[in-house]
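An overview of the molecular structure
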Amino acid sequence: MDFDVIVIGGGAAGLSAALVLGRSRRAVLVVDEGNPRNAPSNGVHNYLGLEGVAPHELLRRGREEVARYGVTLVDCRVSGATRIPDGFSVALADGRRFTARRLLVATGLVDDLPDIPGLARRWGRDVLHCPYCHGWEVRDRRVGVLASGPLAVHQAQLFRQLSDRVTLFQHTGPVVSAEDRAGLAARGIEVVAGTVEAVEVTDDRLSGLQLHGDRIVPLDALVVAPRLRAHDEVVAGLGLVAAEREVGGHVLWSALAAEPNGSTSVPGVWVAGNVTDAQATVAAAGASGVTTAGALNADLVAEDVRRALAAAP
């Protein structure tokens, strides 16, 4: 085998796992295509000691740290993985192929955003989804919440903690119940009916929403709930496929099923981070990588013992 472990995905989860494994003197390869999900964001938040660090800076530091422990880093897209005797073979888009005893999948998520003109290009800037990741940055501003799923009322109430100028736009979401409407009204959250036609941008900043009938509602930020889709393509051929999770009849995300230690139903394949936990923040994804790497290393040690016993005279 070329490596003990190939880590597919070099974000917080993958690099954290590689750090643990590298410090355990494992031969580790991290393959990453260089397209982090949080790249548009100005900073990573709620990461103790690194509050507000730019996403690219966090990854730069992480890559430097794992390299100090002998971890190999390759910038490329993984095109597929297959099982071979005693391990796995991983094919890269540039034609290279590497083998390893174990795979650790930390490929993260894809955000499938609402199909509204102008919305995608503001994603991660002033089109947001998480009050804990971005709420402080829009405190006291005019915040709109786009109701396109069952969590809109909850999102509106969370952002009301940060601003007293929150508006819920009904859009394509389920009808707001009388109980929820009363709760919104009690905290001064207006509910606006009508389909959102476009996101208005002025001077490279979100400035409002255009509703059906050309009505413009001024805003400083828009909260959406994208469908979160696990990056599972590279391991689908191994029989590991993400399962959809529903709330109120709406698919909110998909995830690769795993045990708490990151092991999966496919022997030798481990997972960490958002690909298995859609709600994990950057800090939580990193912690997931650490936990999984420890369990994976223990699994390798057990195999090393079995091999040593088999080879003993």
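Being a predicted model, the structure only gives us computed values, none of them experimental.

What counts, and at which threshold
- Residues numbered from 1 in each chain as written.
- Predicted model: local features only at pLDDT ≥ 70, side-chain atom pairs only at ≥ 80, totals over all residues.
- Heavy atoms only, no water.
- Helix = DSSP H or I, 4+ residues; strand = E, 2+ residues; numbered from the N terminus.
- Buried < 20%, exposed > 50% of the residue type's maximum accessible area, 1.4 Å probe, protein only.
- Contact = heavy atoms within 4.5 Å.
- Areas by Shrake-Rupley, 256 points an atom, 1.4 Å probe, with all protein chains shown as cover.
- Lys, Arg positive; Asp, Glu negative; His and termini not counted.
- Charge placed at Lys NZ, Arg CZ, Asp CG, Glu CD.
- Pairing = 2+ DSSP bridges.
- Axes fitted to C-alpha atoms, helices over the stretch in contact; angles between N-to-C directions.
- Domains from an automatic or database assignment.
- Buried area = accessible area lost by both parts, 1.4 Å probe.
- Salt bridge = Lys/Arg side-chain N within 4 Å of Asp/Glu carboxyl O.
- Polar contact = N/O pair within 3.5 Å; in protein donor to acceptor, adjacent residues only side chain to side chain.
- Nonpolar A, V, L, I, M, F, W, Y, C, P; charged D, E, K, R; others polar.
- Core = buried A, V, L, I, M, F, W, Y, C linked by side-chain atoms within 4.5 Å.
- Phe/Tyr/Trp six-rings, centres within 6.5 Å; stacked < 30°, edge-to-face > 60°.
- Parallel < 35°, antiparallel > 145°, perpendicular 65-115°, else oblique.
- Left-handed = near helix turned anticlockwise from the far one by under 90°.
- Expected span 1.5 Å × (residues − 1).

1. Concerning the overall build of the protein chain
Along the protein chain, the regular secondary structure elements total six helices and 19 strands. Expressed along its principal axes, the backbone C-alpha trace of the protein chain runs to roughly 80 × 35 × 35 Å. Burial analysis of the protein chain (313 residues in total) assigns 49% to the buried set. If you take every contact in the protein chain between residues at least 6 apart in sequence, the share linking residues at least 24 apart comes to 59%. Surface accessibility of the protein chain: about 15100 Å² in total, with carbon and sulfur atoms responsible for 51%. Side-chain charges in the protein chain split into 31 positive and 36 negative, and the spacing between the mean points of these groups amounts to 4 Å.

2. Remarks on the sheet that holds strand β12 (residues 196-202)
Taken together, the three strands give an open sheet; going across it, the order is β12-β13-β14, and neighbouring strands pair in antiparallel fashion. What marks the edges here is a single partner per strand, and that holds for β12 and β14 (215-218). Sheet twist, expressed as the mean angle between neighbouring strand axes with direction ignored, is 30 degrees. Of the strand pairs in this sheet, β12 and strand β13 (residues 205-211) are connected by six bridges, and their pairing is antiparallel. Across the sheet, residue Val201 finds its bridge partner in β13, namely Leu206.

3. Concerning the domain arrangement of the protein chain
Interface size is commonly expressed as the accessible surface area that is lost when the partners come together. Domain annotation of the protein chain identifies domain 1 (3-111 + 227-311) and domain 2 (114-224). Surface buried jointly by domain 1 and domain 2 totals about 880 Å² across both partners, of which 62% is contributed by carbon and sulfur atoms. When the area that domain 1 buries against domain 2 is broken down by residue, the three leading residues are Pro40, His45 and His250, summing to 44%. Where domain 1 packs against domain 2, one counts zero salt bridges. Counting every contact that joins domain 1 to domain 2 gives one residue pair in polar contact (both at pLDDT 80 or more). When its residues are assigned to classes, the side of domain 1 that touches domain 2 shows three nonpolar, four polar and two charged.

4. Section: the nonpolar core
Counting 33 residues, the largest nonpolar core has Ile6 and Leu256 as the members making the most contacts within it. Elements supplying a minimum of two residues to this core: β1 (3-8), β2 (28-32), β4 (78-84), β5 (87-92), β6 (97-105), β16 (227-230), β18 (250-255) and β19 (269-271). With four residues, the single largest contributor to this core is β6. Ignoring sequence-local partners within four residues, the contact set of Ile6 consists of Leu29, Val31, Val90, Phe98, Thr99, Ala100, Arg102, Leu103 and Leu104. Membership of the second largest hydrophobic core comes to 21 residues, among which are Ala13, Leu15, Leu21 and Ala272.

5. What to know about the packing of aromatic side chains
Overall, the coordinates contain one aromatic pair when judged by the stated rule. Relative to Phe98, the ring of Phe3 has its centre 6.1 Å away and its plane inclined at 65 degrees; by these criteria the two rings are edge-to-face. Highlighted residues: Phe3 in strand β1 and Phe98 in strand β6, separated in sequence by 95 residues. Owing to a relative accessible area of 13%, Phe3 belongs among the buried residues under this scheme. Residue class for Phe98 comes out buried when judged on its relative accessible area of 17%.

6. Details of the packing of helix α4 (residues 152-160) against helix α5 (residues 178-186)
For the pair α4 and α5, the least separation of the axes is 11 Å and the interaxial angle reads 15 degrees. By the criterion of interaxial angle, the relationship of α4 to α5 is roughly parallel. Seen from above, α4 lies across α5 with left-handed handedness. When α4 is examined against α5, the residues Val153, Ala156 and Gln157 are found in contact with a partner set consisting of Asp180, Gly183 and Leu184. Grouping the amino acids of the contact of α4 with α5 by side-chain chemistry returns three nonpolar, two polar and one charged.

7. Thoughts on helix α1 (residues 12-23)
Think of an α-helix as turning once every 3.6 residues; residues three or four places apart then point the same way. Spanning twelve residues, α1 covers 17 Å between terminal C-alpha atoms, matching the ideal 16 Å at 1.5 Å per step. Along α1, nine of the twelve residues are buried, which leaves the element largely enclosed by surrounding structure. When α1 is considered as a whole, its buried residues turn out to be Ala12, Ala13, Gly14, Leu15, Ser16, Ala17, Ala18, Leu21 and Gly22. If you follow the buried residues of α1, they end up packed against β1, β2, α2 (55-67), β3 (72-75), β6 and α6 (282-311). Of the residues one or two after α1, Arg25 is the one with positive phi, at around 65 degrees.

8. What about the environment of Gln161?
By the element assignment, Gln161 lies in the loop between α4 and β10 (166-169). With relative accessibility at 63%, the residue Gln161 sits in the exposed group. As a C-alpha pair, Gln161 and Thr107 span 54 residues in sequence and 33 Å in three-dimensional space.

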